[in-house]
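# Breakdown of the fold
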Number of protein chains: 2
Amino acid sequence: MTSTYRAPLRDMRFVMDEWLDAASWWREVPDWQDLDSQTAQQVLEEAARFVEERIAPLNASADLEGCRFDAGKVTTPAGFRESYAEFVEAGWPTLSLDAEHGGQGLPQLLDVALQEMLAGANHAWLMSPGLTHGATACLQMHGSERVKTELLPKVASGEWLSTMCLTEPQAGSDVGLIRSRATEAPGTDGYFIDGSKIFISGGAHDLTENIVHLVLARLPDAPSGTKGLSLFVVPEWLEDGDGGRSRNGVHCEGIEKKMGLKGSPTCTMRFERAFGWLVGEPHRGLACLFVMMNAARLQVAMQGLGHAHTAWQRAHAYAQERAQMRAVSVPPGVTVAAGQAAPIAFHPAMRRILMELRAIVEGERAIGYWTAHWLDIAAHHADADERDRAAQLASLLTPVAKAFFTANGFDAASKALQVFGGYGYIHEYGIEQTLRDSRVSMLYEGTNEIQAIDLLVRKVLPDGAGALDILLRHVRAEARLCQESDPLVRSAGAKLGQLAEIVGNTTRMIKARHAQDPETAYRVADDYLAMLGWMLLAFAWARTLRIATPQCEAEAFYVEKRDTGRFFFDYPLAAFAYRRSLVEAGCEAALPYV
Amino acid sequence: MTSTYRAPLRDMRFVMDEWLDAASWWREVPDWQDLDSQTAQQVLEEAARFVEERIAPLNASADLEGCRFDAGKVTTPAGFRESYAEFVEAGWPTLSLDAEHGGQGLPQLLDVALQEMLAGANHAWLMSPGLTHGATACLQMHGSERVKTELLPKVASGEWLSTMCLTEPQAGSDVGLIRSRATEAPGTDGYFIDGSKIFISGGAHDLTENIVHLVLARLPDAPSGTKGLSLFVVPEWLEDGDGGRSRNGVHCEGIEKKMGLKGSPTCTMRFERAFGWLVGEPHRGLACLFVMMNAARLQVAMQGLGHAHTAWQRAHAYAQERAQMRAVSVPPGVTVAAGQAAPIAFHPAMRRILMELRAIVEGERAIGYWTAHWLDIAAHHADADERDRAAQLASLLTPVAKAFFTANGFDAASKALQVFGGYGYIHEYGIEQTLRDSRVSMLYEGTNEIQAIDLLVRKVLPDGAGALDILLRHVRAEARLCQESDPLVRSAGAKLGQLAEIVGNTTRMIKARHAQDPETAYRVADDYLAMLGWMLLAFAWARTLRIATPQCEAEAFYVEKRDTGRFFFDYPLAAFAYRRSLVEAGCEAALPYV
């Protein structure tokens, strides 16, 4: 009844081997010269086995059971503790960590695929290790030698889990309003932290023996606003160096009752003379966290993709099994006896939904992995200019992927739920949990509205911002390559070329209007982000069509790619023009206050 | 923290008095000659008081508590039993029931407003009396004399609650697959019913002493499919006529764990030699239920509106209170000190959401009440042709309202949740419950996809179907009236006139394509329905602008109407062209099976 999660390994292989041709770039990187496609696939197969067998089966039960809070202690759902220990034991947290820090030194691309699987299988479970990479990167870059020696190895390996403590009741999107205080702890190399934090995922739990909190707080001489925030690392337990340890002043005061993610404890934390070390420079805490937040945003994008994929998988399976109503039409070669109910997968309204979900899932997978690939290039390319361009592009793509994928993930869950009819509303069919769990990703790690402002106001509009030009060059190059193929691919390429022109023109229009009316960019940011999202999916599908078309005789997989790509340009891409018309409205029309 | 429900009495008055000018038509109806606007408003004020004070406060607690099932008995959440008894005592179930049947004989229009309030305040609570009107109408029209004497009065008054037992595990949208059986009960005037039904709202509960089930089942000689279904009325308790009563063979076997509506028991029912009476002719059960289902569909539309209104009300209140980030712009006459956080209601992204919700809620209210008004005309007009035209129009509007309003209700809940940021995901802020509760209305009483097929395939495409022409005449007449006003209204009227032309042309295009490819209508039905929905909102706002404009000096209410109407034509109406482009795609492009 509840479909079992299956990792989309075939499509992951397509994206990595054919769409990205990742391995041929890996060969240029000294550390990865021995990494070929086959090895990468073996890693993914092993990950898939772990996720399908150990993590996915805990999803529905964890939703029913939830977390328990009792006298400051949090108990996670049955099976989480054991499966997390296996996850650490198997070395999954250190997949893309540098070998010099004890990791396996594989590309982030593989990590992103693992994140997609975990999110699709069990989003609540994923929340626990969700900040390990970000915390590791942050402490590597900004931690003191002592922090790097005493804390970092256990954070990086996942032996200790981490949190990011930003939000306070009055300070959500607006971290500048944070009030938590830090004062020097006399006679030590550290500080005492006092303050209250809310919405702290994994602030307390029973998964690891220690929890390492990264906390934003103000030093006594701090200016107000974001420029007065300093970052501290505050372990739940302090080790005395002689094998003993003492409880730090870190207290969980309760967990939230939420719409979803019930297997993940969302904690209210009180820091009371909690001892911690400064990370990075005083008053520069936010800058230290940026590396963490950017990594987290691409992860959240993968949650949107993971949910959309799971929604598609569940709805697709159900639509094959469930027979209702006579068929208006049937697939070639299929017959349904007169008067018999047909699988609902044959009904046009259901096909519209299923095809749309598939087109979005597979297009997003290409774009999400492309973003990770640019992060790998930014980290490992021999040429500094290439690294810089790759970093700029990844930085542009990240907010688009975060907001666009998570909105689509929720929308996909709702559309998939509709395929189930009344059963969709019932817990045991699983899809309503997907809908509830997926909704949070539009809110956290910067709401989707914050992402849109980040994209347009910070990354596109400023003079000299070249990231959009880099992106549009890639898009136009793909459009040109498509001109050398058959009519379907040529038509897709021509449409893609038009989208690039429209995005360029629309950006110039916004810029011109914004110079006169500085509210303009804020009125249009969400729709502008969605325009880029749809253009990116068109880019994904144009390249997919170009690759798949000559392969169609080899495997049904490529025929389905061709059908799905054609469908994408025929139907869902209409949303691009819709979003463009809303951007135009926002450039022209006033927006009342009511 | 959780905003308190407030019924939108001012806007209800605007729609009834100015938009519909209902009272001047009431004066033409003999039964309603004494019904003036003031009396109607008094009824609504009293309803609002009851809903705000007695029903709304039970909403969040019922969601937390849920229903309990134990040994065949269902316990509803605290407060439901007492408040339902008061509801019956106050006569609310019989508001629009004819005086000759013991009712107050008021227009359905007032009933629909009551339903909007109940849905907005507490959807789960509304589920209990939700079928009273439909069951009453069905038994009045098709019940035997005995049924009318012994059961109908208690059903109509709400003393006994009713259910509609259609769905079986294999028969959801496809009622033709129903397997429940009925055989003559020897020596009586009734039948024995055997079978299993699922998803029966209120199949068992502790609210009333008896529950009257309307059950579809097959007589022994029944043909297969929908033409072999007969309707039976099956009380939970049978009275022996001497004051004694015995338990009928009706058993609740469990209740579902659902995404929302947790205060309403969704029951699995087993009928085992359950005694019941035939309603209507053998094998004509579905026809008897149509009257019930149509009434239910407009009610479900009101749920969509109620949720959208509540979502708007909650988000609007929160956005005034919550201050985050510096303002890009502020309302005229308002200042925010430099460096201070501004109410998020000032931020353009939030204004976009809040304005869109308002435009949808108020536009839908006009259209929903308009539909109810046509039902009143269909029931009470002196002229048979007028009654027929009104019935046709209401029958066309009902599936549009059901599908369009419920999809918008869910979408509004999600957009409103976004205004709350992370708090939106937390139960105590209430909006996540609105989102969960609102989702079911897209599924039941015919999924929204079934509504779209009903609209296009059954009501628009058949030769001689004149309902769309009637609608377009009303729309064009409004567009012409708008030409006599100021530039804003003239512009709205001109756009409205274009929409009517486009709908006419698009309908002809679909008809022509469908004649060649009989899958066409099924591919485009959902988007076609949405096109009509947006045209209807444009109709609502054009008329609103025409009425409000000369009144703007009288009251701020009208200035806000004008701002909201202008916004509607500037921004949300872009969705009409988007839906139209999808209809065109569906007329042109094949739809794969994947």
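Each remark here, short or long, concerns the structure printed above.
Here is a short report on the structure shown in this document. (Residues numbered from 1 in each chain as written. Chains lettered and ligands numbered in written order. Predicted model: local features only at pLDDT ≥ 70, side-chain atom pairs only at ≥ 80, totals over all residues. Heavy atoms only, no water.)

### Things to note about the overall build of chain A
Filter applied, for reference: The numbering of helices and of strands both runs from the N terminus, where a helix is a DSSP run of H or I of at least 4 residues and a strand a run of E of at least 2. In this treatment the radius of gyration is a C-alpha quantity, and the globule benchmark scales as 2.2 Å times the residue count to the 0.38 power. Here the term buried applies to any residue with accessible area under 20% of the maximum for its type, exposed to any over 50%, and partly exposed to those in between, with areas from a 1.4 Å probe on protein chains only. What makes two residues a contact is simply this: any of their non-hydrogen atoms within 4.5 Å. Where accessible areas are quoted, they stem from the Shrake-Rupley method and a 1.4 Å probe; at the residue level, only the protein chains shown are allowed to cover. In summary, the charge assignment counts Lys and Arg as positive and Asp and Glu as negative, without counting His or the chain termini. Each charge is placed at NZ for Lys, CZ for Arg, CG for Asp and CD for Glu.
Along the backbone of chain A there are 20 helices and 11 strands. Taking 25 Å as the expected radius of gyration for a compact globule of 594 residues, we find that chain A reaches 24 Å, a close match to that expectation. Structurally, chain A occupies a C-alpha span of about 80 × 60 × 55 Å along its principal axes. With 594 residues in all, chain A has 62% of them scored as buried. A fraction of 73% describes how many contacts in chain A between residues 6 or more apart in sequence connect residues 24 or more apart. By element, 49% of the accessible surface of chain A is carried by carbon and sulfur atoms, the whole surface being about 21,300 Å². Positive and negative charge centroids in chain A, built from 57 and 74 side chains respectively, lie 6 Å apart.

### Quick word on the packing of aromatic side chains
Short version of the rule: Pairing of aromatic rings covers Phe, Tyr and the six-membered ring of Trp, with a centre-to-centre limit of 6.5 Å; geometry is then stacked below 30 degrees between planes, edge-to-face above 60, and tilted otherwise. Lysine and arginine charges are scored as sitting over a ring when NZ or CZ, respectively, is within 6 Å of the ring centre and within 35 degrees of the ring normal.
The final tally for this structure, using the stated rule, is 54 aromatic pairs over all chains. Between F275(A) and W277(A), the ring centres sit 5.3 Å apart and the planes meet at 85°, which makes this aromatic pair edge-to-face. Pairwise contacts between aromatic rings join F199(A), Y318(B), F420(B), Y423(B) and Y429(B) into one cluster. The side chain of R439(A) reaches across the aromatic face of F410(A), ending 5.3 Å from its centre. Residue placement shows R543(B) over the ring face of W19(B); its charged tip is 4.6 Å from the ring centre.

### Description of the nonpolar core
Inside soluble globular proteins, nonpolar side chains tend to come together where they are buried. Our working definition: Buried Ala, Val, Leu, Ile, Met, Phe, Trp, Tyr and Cys residues form a nonpolar core when they are joined through side-chain atoms within 4.5 Å.
Counting 330 residues, the largest nonpolar core has W19(A) and W19(B) as its most contacted members. In this view, W19(B) contacts F14(B), A366(B), I367(B), W370(B), F539(B), A540(B), R543(B), T544(B) and I547(B); residues no more than four positions away in its chain are not counted.

### Digging into the interface of chain B and chain A
Rules: Note on terms: buried area is the combined drop in 1.4 Å-probe accessible area of two parts once they are placed together, counting the loss on both. Any carboxyl oxygen of Asp or Glu that lies within 4 Å of a side-chain nitrogen of Lys or Arg is treated as forming a salt bridge with it. Contacts described as polar in this section are N or O atom pairs within 3.5 Å, which, within protein, must combine one atom able to donate a hydrogen with one able to accept it, while residues neighboring in sequence count only if both atoms come from side chains. Under the scheme applied, nonpolar residues are Ala, Val, Leu, Ile, Met, Phe, Trp, Tyr, Cys and Pro; charged residues are Asp, Glu, Lys and Arg; polar residues are all the others, including Gly.
Counting residues at the interface gives 86 residues for chain B, matched by 86 residues for chain A. Summed over the three residues of chain B that lose the most area to chain A, namely Y425(B), Y593(B) and V594(B), the buried surface amounts to 13% of that side. Its salt-bridge partner being D174(A), residue R326(B) comes within 3.2 Å of it at the nearest N-O pair. On the surface where chain B and chain A come into contact, there are 51 residue pairs in polar contact (both at pLDDT 80 or more). Counting only elements with at least two residues in the side of chain B that touches chain A, the list comes to β5 (191-201), α11 (348-380), α12 (384-419), α13 (431-439), α14 (448-460), α17 (520-548), α18 (556-570) and α19 (574-588) of chain B. The element best represented in the side of chain B that touches chain A is α11(B), accounting for nine residues. Residue composition of the side of chain B that touches chain A, grouped by class: 47 nonpolar, 16 polar and 23 charged.

### So, the relation of the copies chain B and chain A
Quick note on the threshold: The copies are overlaid by a least-squares fit using only the C-alpha atoms of residues whose pLDDT is at least 70 in both copies.
For the pair chain B and chain A, the relating rotation is 180°, the translation along its axis is 0.0 Å, and the fit reaches an RMSD of 0.0 Å. Put plainly, the chains are arranged around a two-fold axis. Relative to the rotation axis, the C-alpha of Y578(B) is the closest in chain B, positioned 2.8 Å from it. Most of the interface of chain B is mirrored in chain A: 100% of its interface residues are interface residues there too.

### Describing the packing of helix α13 (residues 384-419) of chain A against helix α15 (residues 448-460) of chain A
Residues and elements named next belong to chain A. What counts is decided by this rule: Angles run from 0 to 180 degrees between N-to-C directions of axes, and those axes are lines fitted to C-alpha atoms, restricted for helices to the stretch in contact. If an angle is under 35 degrees, it is roughly parallel; if it is over 145, roughly antiparallel; if it lies from 65 to 115, roughly perpendicular; otherwise it is oblique. By definition, any crossing whose near helix is turned counterclockwise from its far helix by less than a right angle is left-handed, and any crossing with a clockwise turn is right-handed.
α15 packs onto α13 with a crossing angle of 155° between their chain directions and a minimal axis gap of 9 Å. One element, α13, and the other, α15, form an angle in the roughly antiparallel class. Here the hand of the crossing between α13 and α15 comes out left-handed. Between α13 and α15, the contacting residues are S395, L396, P399, V400, K402, A403, T406 and A407 on the first element and N448, Q451, D454, L455, K459 and V460 on the second. The residue inventory of the contact of α13 with α15, partitioned by class, reads seven nonpolar, four polar and three charged.

### Some details on unusual backbone geometry
Most peptide bonds take the trans form, and the phi angle of most residues other than glycine is negative. For R273(A), which is not glycine, the phi torsion reads 45° and is therefore positive. Relative to the helices and strands, R273(A) is located in strand β11 (residues 266-279). Given the relative accessible area of 54%, R273(A) is considered exposed. In this structure, L261(B) takes a positive phi of about 50° despite not being glycine.

### So, α12(B)
All names here are of chain B. As a reminder, the rule being used: Multiplying 1.5 Å by the helix residue count minus one yields the expected span of that helix.
For α12, with 36 residues, the first-to-last C-alpha span of 50 Å sits near the 52 Å given by 1.5 Å per residue. For α12, the N-terminal cap is D383; the gap from its side-chain oxygen to the backbone nitrogen of D385 is 3.0 Å. Positive phi appears at G421, one or two residues downstream of α12, with a value of about 55°.

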